[in-house]
Amino acid sequence: MRLVLLGAPGSGKGTQAARLKTDLAVPHISTGDMLRAAVAAGTPMGLKAKAVMDAGQLVSDDILLGMLEDRLSQADAKSGFILDGYPRNLAQADALDQLLAKIGQPLDAVIKLEVPNEAIIRRCEIRFAAEGRADDNPDTVRRRLGIFAEQTAPVADFYARRGKLQVVDGVGELDEVTARIKQALQRDPAVANG
Ligand code: AMP
């Protein structure tokens, strides 16, 4: 199963991907987690990315594509993946299409988690208090939501036009949202046909 999870920051992509990966028996690939690991390890790329991330902006497409290409070439991604946080703009969606065509592994499904902005802002406040992520401070969350609306929302349309997009209500108990995603995946023809 090759799945892309779309959704605003704080919509629950990471939480849901972590729950789904066992069932789907594929790795959870979060570009945000990979970048945070690079920042924590102090790699040259991490040092470059940190200020951009703390400001809630997008890291360059070139860096992301290189990182993703490396990750998808690892053995565990041969069985598929849940991609969380990529693609974040149309250029990345195109790059992903080309990359997956090159390795002969097209996407099976794209799920967008829909959560209203007021709920997102509350969730990020809670995460800011718990984890202290600089980009979860309220001003930066508003900037990230603006970038999402401008740059990432068109990615959902890109997949809708290809008949791959399913929109799932991301509000509710974690178990409920997980169940909704699983139902949506069963409805997906690519999955239903194995
Ligand atoms: P996330 O954990 O997915 O919210 O990502 C945290 C931050 O990492 C984002 O606000 C961006 O600065 C950066 N980032 C993660 N994924 C991408 C991506 N696909 N393109 C550009 N920047 C990204």
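Computed from a predicted model, the values in this text were never measured in an experiment.

Enquirer: Even after reading the chapter, I still don't get the overall build of the protein chain, so can you show me in this structure?
Expert: Across its full length, the protein chain carries 9 helices and 5 strands. Scanning the protein chain from its N terminus toward the C terminus, one meets helices and strands in the order β-α-β-α-α-α-β-α-β-α-α-β-α-α. Rg of the C-alpha trace for the protein chain: 16 Å, near the compact-globule value of 16 Å for 194 residues, within the 12% margin. If you line up the protein chain on its principal axes, its C-alpha atoms span 45 × 35 × 30 Å. For the protein chain, long-range pairs separated by at least 24 residues make up 73% of all intrachain contacts whose partners lie at least 6 apart in sequence. As displayed, the protein chain offers around 9500 Å² of accessible surface, 52% of which is attributable to carbon and sulfur atoms. Charge centroids of the protein chain, computed over 25 positive and 26 negative side chains, lie 1 Å from each other.

Enquirer: Help me understand the packing of aromatic side chains, please; the structure alone is not making it clear to me.
Expert: The geometry of two aromatic rings is summed up by the distance between their centres and the angle between their planes. A full pass over the atoms with the stated rule returns 1 aromatic pair. Seen from their ring centres, Phe 158 and Tyr 159 are 5.0 Å apart, and the 90° between their planes marks the pair as edge-to-face. Take Phe 158 and Tyr 159: they sit in the same class, and that class is buried. The residue whose ring lies beneath Arg 162 is Phe 158, and the NZ or CZ to ring-centre distance is 3.8 Å.

Enquirer: For this particular structure, what's the right way to read the environment of Asp 62?
Expert: Relative to the elements of secondary structure, Asp 62 occurs in helix H4 (residues 61-72). Put simply, Asp 62 and Gln 92 are 30 residues apart on the chain and 9.2 Å apart in space, counted from C-alpha to C-alpha.

Enquirer: Got a minute to help me understand unusual backbone geometry in this structure?
Expert: Residues other than glycine predominantly adopt negative phi, and peptide bonds predominantly adopt the trans conformation. With an omega of 0°, the peptide bond between Tyr 86 and Pro 87 qualifies as cis. In this structure, Pro 87 sits in the loop between strand E3 (81-84) and helix H5 (90-102).

Enquirer: What am I meant to see in the sheet that holds strand E4 (residues 109-114) here?
Expert: Backbone-to-backbone hydrogen bonds pair the strands of a sheet. The strands run either parallel or antiparallel. The 5 strands are arranged E2-E3-E1-E4-E5 in an open sheet whose pairing can be described as parallel. Edge strands, defined here as strands with exactly one partner in the open sheet, are strand E2 (28-30) and strand E5 (165-169). Neighbour-to-neighbour, the strand axes of the sheet open up by a mean angle of 25°, direction not taken into account. Where strand E1 (residues 2-7) meets E3, 4 bridges bridge the pair, whose relative direction is parallel. Residue Arg 2 lies in a different strand from E3, and its bridge partner there is Phe 81.

Enquirer: Explain the UniProt feature "binding site: ATP" (unreviewed entry) in the protein chain to me, please; I cannot follow it from the model alone.
Expert: Summarizing the sequence annotation, UniProt attributes the feature "binding site: ATP" (unreviewed entry) to Gly 10, Ser 11, Gly 12, Lys 13, Gly 14, Thr 15, Arg 127 and Gly 172 in the numbering used throughout. Ignoring any residue separated from it by four or fewer positions in sequence, one finds Gly 14 in contact with His 28 and Asp 84. Take Gly 172: it is sitting in the loop between E5 and helix H8 (174-187).

Procedures and definitions
Residues numbered from 1 in each chain as written. Predicted model: local features only at pLDDT ≥ 70, side-chain atom pairs only at ≥ 80, totals over all residues. Heavy atoms only, no water. Helix = DSSP H or I, 4+ residues; strand = E, 2+ residues; numbered from the N terminus. Rg over C-alpha atoms; globule rule 2.2 N^0.38 Å. Contact = heavy atoms within 4.5 Å. Areas by Shrake-Rupley, 256 points an atom, 1.4 Å probe, with all protein chains shown as cover. Lys, Arg positive; Asp, Glu negative; His and termini not counted. Charge placed at Lys NZ, Arg CZ, Asp CG, Glu CD. Phe/Tyr/Trp six-rings, centres within 6.5 Å; stacked < 30°, edge-to-face > 60°. Buried < 20%, exposed > 50% of the residue type's maximum accessible area, 1.4 Å probe, protein only. Lys NZ or Arg CZ within 6 Å of the ring centre and 35° of its normal. Pairing = 2+ DSSP bridges. Axes fitted to C-alpha atoms, helices over the stretch in contact; angles between N-to-C directions. UniProt positions renumbered as here; feature names shortened; annotations may be inferred.

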